[in-house]
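Tertiary structure, described
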Amino acid sequence: MCKSTVSVYFGDTCNDLYHGYGLLIYKSSVLRFYEGHFQNNCKYGYGLEYINGDIYIGKFVNNKPEDENGVFIWGNGDIYHGSFINGMKHGNGKWQSGD
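All values reported here derive from a predicted model rather than from experimental measurement. Sequence order sets the numbering: in each chain, residues are counted from 1 along the sequence as written. For this predicted model, a pLDDT threshold of at least 70 governs which residues receive local features, and a threshold of 80 or more governs which side-chain atom pairs are given and counted, while totals over whole chains, interfaces and linings are taken from all residues. Side-chain figures throughout are based on the complete set of non-hydrogen atoms in the structure, without hydrogens or water.

Brief notes about the confidence of the model for the chain
For the chain, the average pLDDT comes to 93, and 94% of its residues sit at 70 or higher. Strand 5 (residues 54-61) holds the highest mean pLDDT among the elements of the chain, 98, whereas strand 1 (residues 6-14) holds the lowest, 90. The pLDDT score gives, residue by residue, the confidence of the prediction method on a 0 to 100 scale. Put simply, DSSP H or I for four residues or longer makes a helix, DSSP E for two residues or longer makes a strand, and each gets a number counted from the N terminus.

Some thoughts on the nonpolar core
Counting residues in hydrophobic clusters, the biggest one holds 10 residues: Y9, Y18, L24, Y26, Y34, F38, Y56, F60, Y80 and F84. It is strand 2 (residues 17-26) that provides the largest number of residues to this core, a total of 3 residues. Only heavy atoms matter for contacts: two residues are in contact if any of them lie within 4.5 Å across the pair. When residues no more than four places from it in sequence are discounted, the contact partners of F84 are Y56, P65, E66, D67, G70, V71, F72, K89 and H90. Residues enter a nonpolar core if they are buried and are Ala, Val, Leu, Ile, Met, Phe, Trp, Tyr or Cys, with the set joined through side-chain atoms within 4.5 Å. Between buried and exposed lies partly exposed: a residue is buried under 20% and exposed over 50% of the maximum accessible area for its type, with that area taken using a 1.4 Å probe on protein chains only.

Re the packing of aromatic side chains
Paired rings are identified among Phe, Tyr and Trp, the last through its six-membered ring, by centres lying within 6.5 Å, and are further divided according to the angle between planes into stacked (under 30 degrees), edge-to-face (over 60) and tilted (the rest). Summed over all chains, the structure comprises 11 aromatic pairs. The interplanar angle of 40° and the centroid separation of 4.8 Å between the aromatic rings of W74 and W95 together place this pair among those described as tilted. Taken together, the positions of W74 in the loop between strand 7 (67-73) and strand 8 (79-85) and W95 in strand 9 (residues 88-96) put the pair 21 residues apart, joining distant regions of the chain. Of the residues examined, W74 reaches a relative accessible area of 21% and is grouped as partly exposed. Accessibility expressed as a relative area gives 48% for W95, which makes it partly exposed. For a ring to carry a charge above it, either NZ of a lysine or CZ of an arginine must fall within 6 Å of the ring centroid while also lying within 35 degrees of the normal to the ring plane. Lying over the aromatic face of Y26, R32 brings its terminal NZ or CZ to 4.2 Å of the ring centre. Sitting over the ring of Y34, K43 keeps its end group 5.7 Å from the ring centre.

Looking at unusual backbone geometry
Of note, D16 is a non-glycine position whose phi angle comes to about 65°, a positive value. By the secondary structure assignment, D16 is in the loop between strand 1 and strand 2. Residue classification places D16 among the exposed residues on the basis of a relative accessible area of 76%. With phi around 50°, N40 is a residue other than glycine that occupies positive phi space. Secondary-structure assignment places N40 in the loop between strand 3 (32-39) and strand 4 (42-51).

Digging into the pattern of salt bridges
Whenever a carboxyl oxygen of Asp or Glu lies within 4 Å of a side-chain nitrogen of Lys or Arg, that contact is scored as a salt bridge. The full count for this structure, using the stated rule, is 2 salt bridges. Measuring nitrogen to oxygen at the nearest pair gives 3.4 Å for the salt bridge that ties E49 to R32. Of this pair, E49 sits in strand 4 while R32 sits in strand 3, and the two are 17 residues apart along the sequence. Given the relative accessible area of 28%, R32 is considered partly exposed.

Quick notes on the side chain of N41
Along the polypeptide, N41 turns up in the loop between strand 3 and strand 4. For N41, a relative accessible area of 18% gives the class buried. Distance and chemistry together define a polar contact, namely a pair of N or O atoms within 3.5 Å, with one atom able to donate a hydrogen and the other to accept it when in protein, and with adjacent residues in sequence counting only for side-chain atoms on both sides. Polar side-chain contacts of N41 include one of 2.6 Å to the backbone nitrogen of Y18.

Here it is as structure tokens:
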């Protein structure tokens, strides 16, 4: 089971776990939230995660980005569109400068 320090959760639950679609706003010194699908308290399936200006859009498996067509947008405008495995950019992808 996945754990996190949460300020607010709005969404579906099952047996008191985040399960289905929801919005999770983290208790943190920076703005951080996730909106998307959950399975047994973990980000699992398609979602959007925002962390202090950076955004990931794509599929998650056990709280980590895992997608052949994920998108990561840095706060400076740089964009990576491509493969993610176990939370890391991996394999084929395209980098676009925000300049």
